[in-house]
Every structure is written in structure tokens, then in C-alpha cells.
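Listed here are the chains, written in short residue letters.
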Amino acid sequence: MSEKEIIFLHKKVLNIHRLFYNWATLDIFFSNPGKVLRFLKLSFVPIIFSLCVIFSIRTIIAVDNHIYMCYSISFLGASYQACFKYYVIFIAHRKNFDKLVEYMKFLIKASNLDFANDIRRKCLKRNMSLALGIGRFLLVLFNTSGTFVLIYVYNPLFFKTSPIVFVNDVHDKKMIFMYYFTVISFYIFLEIVVVGDVYFLTIFAYIEGELRALAEVIERLNDAEVAQNDSKEILLFVYESHLNVLANVRTLQKIYFHLNLQFIGTNFLYVCLLLYITRFYESTLIMYFTTFIMIFQLFIICFLGEILRSRTEAIGEALYHTQWYEMKQKEKLALLIMMAAGQEAVGLEAGGIMNLSLDTFVSVMKATVSYGAIMYTFME
């Protein structure tokens, strides 16, 4: 596997991170701000969020139509998720994200084991290409969905829905500012949410690729001759690389510890309200599509948590299946210690309440459908 190909893909990934950071923090306009200007830049999204909260609460209180109220509650939840994600990525854990980016740069560098370099490059190339492809797909899918939602909500031909944020039930030309504000803030929050997910996906691709590569490197010790002659170098490489990747997995856990809980809570709210709306309206195509997008987003994060747990468990299992009895006594002892460390499954957590996995996805969806049905029955 060519090192130039890996570097080229890595630059593409870094460009996504750099572009997202520059636009979200307004560094595209002010590259070297002072403390005051930096504070004002980082306050832009929270200020928009605060205005959305005020307008949404005003709407929820003012309207009698509970369907309109569901739209405003969904918008309020979207604002909250976007603002919390913005706070985590750009303020609370900015240094931790920088550490993960540095680790990504480290992984594309060559090590002392040539065959391990080939395995790592192969896994990283596969994961980076997949992450870039899925990232582009998510950007197109979510932006297209958001555009259709706005067209459906604001198009006067439908007459079945109301603006997400409004004051009166009747469209008023004097409230054109409110419409523009809603559209702009909607796209700001949409981009922060979806690009933030792509941000996470690319970092996850590097970590998963490294764990997969380590498992393949360990498989070389299944050969008796390799276990006798080269076990020391291979075990040293695996030990150092495993400790390094686990440290960065812990960093990833720390960043998304509370964010995952907020994410599950807001997506639960979205899907519950959207399921209720789809059962109420006659024309529900766009609502079905939006509901599918929200469920798909929840599925992705739970699926990635499942993959991470299985990859960390695979290290200990791969060590167990080696030709350990062909190794020297010191290597056997080192292998035993590494097996003990590799048996612990490390995944993504949601506020210490639950581990993200496919079981979590199924449980959340069951609860969502149940509460949506109860809400529909109660409101009927």
C-alpha cells in the first residue's frame, strides 16, 4: 500500500475538519482574533440558540394547534442538540479533539515493522475511503431532507402546516423577518449536527482501522516459526500500539460521554413527535422521510458503538489464538498481561446510563413507538 495514497486521503480528512472548524468558529473571517473577538465569535451560535429558545417557547405558549406545537418543540430540541454539540466540540473539549487529530497524523507514519505498516495502511485506506464516502452521503442526505422540510413547512400550497417558529396561526407579511431567521438558524443547526457527526465518523474510522490492523498483526503469531523468532518485536509493537489506541478511545469516550446522552434524548423526542405527526396528517411523505432520517442517525451512532466494543474485544481473542506455546518465557508472560488488558470491551457510553450498541437502539426505538402511541391516544 502506497504511503502517498494514505497521505492524500489523510489530507482530505483534515480538510474536512479544518473547513468545519473555520466556518463554525468564524475563523474564515477572523483568523487571528484577540480574546474579546474570540469570545464574541464563539458566542454567535449560543446567541442564535437563545433566540430560538425564546421564539419557540413563545410559539408553544401562543398556539392552540398541538401539531404546530410539535413542530416548535422539535425545532427547540434541534437547537439544543446543535448548541450542546457546538459547546462540546469547540469549547469544552477542543484540546481533546486536537489530541485525536494528532493521533490520526501519528497513525499514517511508518513504524519499525514493515509488514505492520502494510496492514495498517490497508486498514486505514479502507476506513478513510469509507468514512469520506459515508460523510458525503450524510451531508447530501441531511441537507436535502432539511431543504424539503422547509419547503413543505413554508410552502403556502400545502396549508396543512405552520412555520416552525411563528406568532400567529395566520401567515403575516410583517413576520417575514421571523421566517428568514428560522430558515437561517435551521441551516446553522443542521450543519453543526450533521458535520459534527461526520467529524466523529472520521475520527472513529482511524481508531477502528488501528484496532483492526492490530488484530491482523497478532494473527502473524499463529505461525509457529514467527512465534519462535519474531514474537518479541511483534508483541512490543502490539503492546505500545494497543496502549496508545486505548488512550485515545478513552479520550473519545470522555468527549462523547454526556453528548451521547443528549443526542439519544433529543432524537427520542424527534422521533416520538414525528411519529405522532405522521399518524395525524393525511399527506405525510415528508414526515415519513424525516422520521427515517432521525432513526437512521440514531442507528449509526449505536452501530458504531457496537463496532468499537467488538474491535476492542477482538484484540484479546486474537492474542488467545496465537501459538503462544512456541514463544520464550518472557514473551509468554508479556502475552498473558496483554491478554488481560485486551479482554475488556471498551465502547461508547451515554452519560454512564447505557452503552451504545444495537441493543440500545432497539430499546430506544421500542420506547419511542410506545410513547408516540400513548401521545396519539391521549391527544385524540
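Residues numbered from 1 in each chain as written. Predicted model: local features only at pLDDT ≥ 70, side-chain atom pairs only at ≥ 80, totals over all residues. Heavy atoms only, no water.

1. Section: the overall build of the chain
What the chain contains, in helices and strands, is 12 helices and 2 strands. Its helices and strands in sequence order give the chain the pattern α-α-α-α-α-α-α-α-α-α-α-β-β-α, from N to C terminus. Out of the 380 residues in the chain, the part that is buried amounts to 50%. The contacts in the chain between residues at least 6 apart in sequence include a share of 81% that link residues at least 24 apart. (Helix = DSSP H or I, 4+ residues; strand = E, 2+ residues; numbered from the N terminus. Buried < 20%, exposed > 50% of the residue type's maximum accessible area, 1.4 Å probe, protein only. Contact = heavy atoms within 4.5 Å.)

2. Looking at helix α3 (residues 44-62)
Between its first and last C-alpha atoms α3 spans 27 Å; for 19 residues at 1.5 Å apiece the expected length is 27 Å, and the two agree. For α3, the full list of buried residues reads V45, I48, F49, C52, V53, F55, S56 and T59. (Expected span 1.5 Å × (residues − 1).)

3. Topic: the packing of aromatic side chains
Following the criterion strictly, the structure yields 14 aromatic pairs and no others. These aromatic residues form a ring-pair network of at least three members: F20, Y86, F90, F97, Y199, F200, F204 and Y256. (Phe/Tyr/Trp six-rings, centres within 6.5 Å; stacked < 30°, edge-to-face > 60°.)

4. Topic: the nonpolar core
With 104 residues, the main nonpolar core has F200, Y206, I207, V217, L252, L298 and L319 as its most contacted residues. No other element matches the 24 residues that helix α7 (residues 176-218) contributes to this core. Of all hydrophobic cores here, the second largest spans 6 residues; its members include I67, C70, Y276 and I277. (Core = buried A, V, L, I, M, F, W, Y, C linked by side-chain atoms within 4.5 Å.)

5. Focus on the UniProt feature "transmembrane region" (unreviewed entry) in the chain
Here, the residues flagged by UniProt with the feature "transmembrane region" (unreviewed entry) are residues 39-60, 66-89, 130-154, 177-207, 259-279 and 285-305. From the first C-alpha to the last, residues 39-60 spans 31 Å; its make-up is 95% helix and 0% strand. Span residues 66-89 is 100% helix and 0% strand, its end C-alpha atoms 34 Å apart. (UniProt positions renumbered as here; feature names shortened; annotations may be inferred.)

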